[in-house]
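Observations on the three-dimensional arrangement
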Amino acid sequence: MQVVGISASVVVGTLLLVALWALRRRLHARELELERKAEELAASRASSLRLGEELAEARRAEEEARRARDEAMTASRSKSAFLANMSHELRTPLNSILGFAQLVERDPSLADRHRENLAVICKSGEHLLGLVNDILEMAKIEAGRMTLVDAEFDLHDTLSGLSEMFAVEAQKRGLTLTVEREPDVPRHVSGDEGKLRQVLINLLGNALKFTPRGSVTLRASARRATGVREGGAHDGAAAGRVRVSFEVTDTGRGMAKAELAELFEAFAQTATGRQSREGTGLGLHISRRIVRMMGGDIRVESQVGRGTTLRFDVRLSLADAPAGGATPRALRAVGLSPGQPRYRVLVVDDRWDVRHCLLKLLDSVGVEARSATNGLGAVAQWETWSPHLVLLDLRMPLLDGYEAASRIKASARGHETVVVAMTASAFEQNRALAAEAGCDDFVSKPFRDADILGLLTKHLGARFEYEERAAEPGAAQGAAAVDLARAAAGLPAALRKDLRRAATRLDAKAVQATLDRFRPEDADLAGAVAELARGYRFDSILALSSADEEEPS
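First things first, this report covers the structure right here in the doc. All figures in this text were calculated on a predicted structure; none of them were measured in a lab.

Overall, parallel pairing links the 5 strands, which are arranged S10-S9-S11-S12-S13 in an open sheet. If you trace the sheet from one side to the other, it starts and ends with strand S10 (368-372) and strand S13 (441-444), each paired once. Direction aside, the axes of adjacent strands within the sheet are offset by 20° on average. In the sheet, strand S9 (residues 344-348) pairs with S10 via 5 bridges, with the strands oriented parallel. By the bridge assignment, Val347 is partnered in S10 with Ser371.

One pass over the structure, following the stated rule, counts 21 salt bridges. Between Glu180 and Arg219 there is a salt bridge, with the nearest N and O atoms lying 3.1 Å from each other. Of this pair, Glu180 sits in strand S2 (residues 176-181) while Arg219 is found in strand S4 (residues 215-224), placing the two residues 39 residues apart along the sequence. We classify Arg219 as partly exposed; its relative accessible area is 32%. Taken together, the shared-partner salt bridges in this structure form one network comprising Glu180, Arg219, Glu247, Glu301 and Arg311.

With that settled, the discussion passes to the pairing of strand S3 (residues 188-191). Neither face of S3 is exposed, since His188 and Ser190 on one face and Val189 and Gly191 on the opposite face are all buried. Sheet topology places strand S1 (residues 151-154) next to S3; 4 bridges connect them, and they run antiparallel. Note that in S3 the partner of Ala151 across the bridge is Gly191. By the bridge criterion, 2 bridges tie S3 to strand S7 (residues 307-318) in an arrangement that is antiparallel. Looking at S7, one finds that Val189 is bridged to Leu318.

Scoring rules and cut-offs
Residues numbered from 1 in each chain as written. Predicted model: local features only at pLDDT ≥ 70, side-chain atom pairs only at ≥ 80, totals over all residues. Heavy atoms only, no water. Pairing = 2+ DSSP bridges. Helix = DSSP H or I, 4+ residues; strand = E, 2+ residues; numbered from the N terminus. Axes fitted to C-alpha atoms, helices over the stretch in contact; angles between N-to-C directions. Salt bridge = Lys/Arg side-chain N within 4 Å of Asp/Glu carboxyl O. Buried < 20%, exposed > 50% of the residue type's maximum accessible area, 1.4 Å probe, protein only.

Here is the structure:
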């Protein structure tokens with residue numbers, strides 16, 4: 001019994017030990033599990049902290065992005081306002097300069113010498129306007145606000161006008177300017193004539209500027225759309241489209257391949273361009289952007305010493321011929337044709353010089369005109385005087401042109417009055433806003449005589465008597481200028497350099513001193529240049545040695 005009792009106690013003890021060992025293992029496993037869960041909890045807490053920090057950082061980044069976006073929008077609005085103001089402030093005085101120069105030019109008693117001086121003023125004003133437009137166009141490109149304005153125009157007349165515009169400059173430089181138009185080029189098309197002219201003026205101006213001798217040629221050709229899509233389907237919209245190609249070729253120095261890469265970069269100029277010390281380096285950059293907006297692109301081919309060719313094409317729409325025909329570019333209106341009614345035109349502008357210039361122009365052709373200084377006066381004059389046409393500035397105190405146009409057009413009688421918006425702003429959005437206000441047409445400052453009289457013809461059916469313009473001084477003396485240039489080219493380089501230096505300083509005495517040095521050898525040339533100096537035609541004297549100016553130093 002004692003042995004059995006001992007064995008039972010051993011068994012019980014063993015079982016207790018086993019149970020304790022198992023319990024300890026369970027406790028240890030539980031401890032390990034608790035430690036693992038504690039570690040997981042700590043990791044979760046750390047992850048939550050990191051997530052909170054990341055969320056806070058994301059909120060900060062989002063807030064900074066929103067603040068930056070708001071600042072960018074504010075800056076964009078400020079830039080737009082600044083550009084609008086700058087455009088108005090720069091173009092308004094230019095409008096007065098060019099407008100009054102045209103008024104004085106209409107005086108038939110004007111002496112040839114004064115007419116020559118006026119031509120210089122007009123040319124310089126147009127050049128300054130071109131520089132202003134380049135800067136503004138670049139700003140509009142950056143802001144994404146440059147748009148196309150479709151209108152019907154005479155493409156043949158546009159090309160003829162370019163030929164007339166550059167003929168005198170070509171003659172002064174001793175160059176041959178040719179404008180070739182293929183028979184397939186349509187006459188009446190629809191598109192943005194202003195921007196197309198801007199591109200062609202830039203390309204022709206560059207070609208003349210950088211061609212010391214030889215010729216410059218503008219060629220135009222066209223390819224009409226067939227109206228048939230791939231697969232034989234008919235496309236009626238395409239049938240009314242035409243692709244017009246232009247090519248400007250010169251016999252200038254040409255450019256190396258390395259220069260072609262930067263030819264269309266903003267503010268970049270080739271070596272030849274830098275030597276000329278002219279322009280902003282924006283012309284070709286803007287021209288390419290315009291051409292691409294019009295559905296084409298500019299391509300260039302050039303060889304050093306052989307010349308340069310630039311080609312581009314644009315998409316235009318075919319248009320019907322306008323009723324009544326177009327106003328001749330080379331003629332100046334001197335009055336209304338017999339049997340015309342007494343047209344009444346109201347000129348509304350807060351600037352005296354603009355009102356005075358327009359009143360003088362309208363009076364010179366027999367159109368009755370009155371003026372107002374703001375929108376309130378415009379509405380009052382319209383109610384009491386009933387003008388046929390209102391030339392309405394958009395930016396005026398008290399009541400602006402938009403509100404004045406809305407008030408005039410609000411009545412049935414107002415729909416019978418033609419309201420034309422005038423603005424010195426370069427932004428096309430003003431055209432859309434003016435149309436929304438009820439304006440029938442739009443004219444940008446600076447405007448020319450033909451622009452204003454063309455509005456009367458377009459909207460009122462006015463017909464004018466025309467007088468042949470007196471030959472431009474440069475055109476009348478074109479052949480003589482070419483002969484002088486050829487004669488001057490035979491002078492020693494040192495004499496030509498001294499003559500150019502004296503003319504650049506506008507120093508008539510220095511010019512005479514230089515002439516005395518070669519008068520014995522060529523009295524005719526010396527006498528002709530002396531006459532230019534007495535007439536202060538230093539620009540013509542500079543043109544005699546234009547090739548020297550552009551030679552690399």
